[in-house]
Amino acid sequence: MSSTTNYILGVYDDEDEVLHAVSEVKSKGIKIEDVFTPFPIHGLDRAVGHERTRLPIAAFMFGVLGLACTLSLISYTMVFDWPMIIGGKDFFALPNWIPVSFEGTVLFTAFGLVITFCISNNLYPGNQPDLLDIRITDDKFVMAINVDKNKKVSADDIKKALKDSGAIEVNVK
């Protein structure tokens, strides 16, 4: 969110009120930029119109990468680099490699998802959060509406829609 963008903020006390307010405000033709909450609200992402996350696809890809890297490392070390007969088994004993391969898959998936999540949400050291209202980290629910993206609706109509939907206060930032 840019610091030069004008936002109208509707502040709510209750999660049910903000969930119903989203549908009321959207029905009046107002585009909602985002809704900030101190805790997750079930169904809010669909109500606002966010697309489904692609993190499961990333998790699968990191898992495949982890499995490939683990099997490559084990096969190189146990078959080509330093072949050893352990317990009378072949050099290429795939059933014996399953536990280590599983752990490598889980390790790559976990680290890959943490890094992907942090990058996609701009969570890195030194980044300052864009807090439109400090109370969203404590006990208030804030609906942010970008004035520039709502050219067809006037700022006064947006404020009125927020008040009518149950906002305890409406601020301009």
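Residues numbered from 1 in each chain as written. Predicted model: local features only at pLDDT ≥ 70, side-chain atom pairs only at ≥ 80, totals over all residues. Heavy atoms only, no water.

### A closer look at the overall build of the protein chain
So the rule is basically this: To qualify as a helix, a DSSP run of H or I must reach at least 4 residues; to qualify as a strand, a run of E must reach at least 2; elements of each kind are numbered from the N terminus. The classification of residues rests on relative accessible area computed with a 1.4 Å probe and restricted to protein chains. Under 20% of the type maximum is buried, over 50% is exposed, and intermediate values are partly exposed. The contact criterion used throughout is that any non-hydrogen atoms of two residues lie within 4.5 Å. In this tally, Lys and Arg are treated as positive and Asp and Glu as negative; His is ignored, and so are the chain termini. Charge coordinates come from a single atom per side chain, which is NZ of Lys, CZ of Arg, CG of Asp or CD of Glu.
The helix and strand tally for the protein chain stands at 5 helices and 4 strands. Counting helices and strands in the order they occur from the N terminus, the protein chain gives β-α-β-α-α-α-β-α-β. On the principal axes, the C-alpha backbone points of the protein chain span a range of 80 × 30 × 30 Å. Here the protein chain holds 173 residues, and 29% of them are scored as buried. Counting only contacts in the protein chain whose residues sit at least 6 apart along the sequence, the fraction spanning at least 24 positions is 77%. In the protein chain, the 16 positive side-chain charges and the 22 negative ones have mean positions that sit 7 Å from each other.

### Here's the deal with the UniProt feature "transmembrane region" (unreviewed entry) in the protein chain
Short version of the rule: UniProt positions are given in the numbering used here, feature names are shortened, and annotations may be inferred rather than shown by experiment.
On the UniProt side, "transmembrane region" (unreviewed entry) is annotated at positions that read residues 55–77 and 97–119 here. Helix makes up 100% of residues 55–77 and strand 0%, with an end-to-end C-alpha separation of 32 Å. Helix makes up 100% of residues 97–119 and strand 0%, whereas the separation of the span's terminal C-alpha atoms amounts to 33 Å.

### With respect to the layout of surface pockets
Here is the rule: Method remark: on a 1 Å grid restricted to protein atoms, a set of points is classed as a cavity if a 1.4 Å probe fits but cannot get out and as a pocket if it is open with protein on both sides within 12 Å along at least five of seven lines; lining residues have an atom within 4 Å of a point. Grid points are joined across faces, edges and corners, and a volume is the space filled by probe spheres set on the points.
Reported here for the largest pocket is a volume of approximately 1500 Å³. Taken together, 35 residues form the lining of the largest pocket, with Asp34, Phe36, Phe117, Ser120 and Asn121 sitting closest to its centre. Going through the elements one at a time, strand S2 (34–36), helix H2 (44–48) and helix H4 (94–120) are the ones with two or more residues in the lining of the largest pocket. With 4 residues, the single largest contributor to the lining of the largest pocket is H2.

### Digging into helix H5 (residues 155–164)
Quick reminder of the rule: For this quantity, the arc is that covered by the directions from the helix axis to the C-beta atoms.
Along H5, the positions that sit buried rather than exposed are Ile158, Ala161 and Leu162. Angular distribution of buried residues about the axis of H5 spans 100°; they occupy a single face of the element. Set apart from the buried face of H5 by more than 90 degrees, the exposed residues are Asp156 and Lys160. Residues of H5 that are buried make contact with strand S1 (7–12), helix H1 (15–27), strand S3 (141–146) and strand S4 (169–172). Looking one or two residues past H5, glycine 166 carries a phi angle of roughly 110°, positive in sign.

### With respect to the side chain of threonine 70
Let me state the cut-off plainly: By the criterion applied in these results, polar contacts are pairs of N or O atoms within 3.5 Å in which, for protein atoms, one can donate a hydrogen and the other can accept it, and in which residues neighboring in sequence qualify only through two side-chain atoms.
Position of threonine 70 relative to the elements: it lies in helix H3 (residues 55–81). We classify threonine 70 as buried; its relative accessible area is 10%. Within the local environment of threonine 70, its side chain forms a polar contact with the backbone oxygen of glycine 66, the two atoms lying 2.7 Å apart. Residue contacts for threonine 70: discarding those within four places in its chain leaves Val100, Ser101, Gly104 and Thr105.

### Considerations on the domain arrangement of the protein chain
Heads up, the rule is: Delimitation of the domains relies on an automatic or database domain assignment.
Parsing the protein chain into structural domains produces domain 1 (7–52 + 131–172) and domain 2 (55–120). Its C-alpha centre places domain 1 at a distance of 45 Å from the equivalent point of domain 2.

### So, the pattern of salt bridges
Our working rule: Here, a salt bridge means any side-chain nitrogen of Lys or Arg that lies within 4 Å of a carboxyl oxygen of Asp or Glu.
Summed over the entire model, instances satisfying the criterion amount to 5 salt bridges. The residue aspartate 133 makes a salt bridge to arginine 135 at a minimum N-O spacing of 2.9 Å. Residue classification places aspartate 133 among the buried residues on the basis of a relative accessible area of 8%. Arginine 135 gets classed as partly exposed once you look at its relative accessible area, which sits at 24%. Linked by salt bridges that have partners in common, Asp133, Arg135 and Glu169 make up one network.

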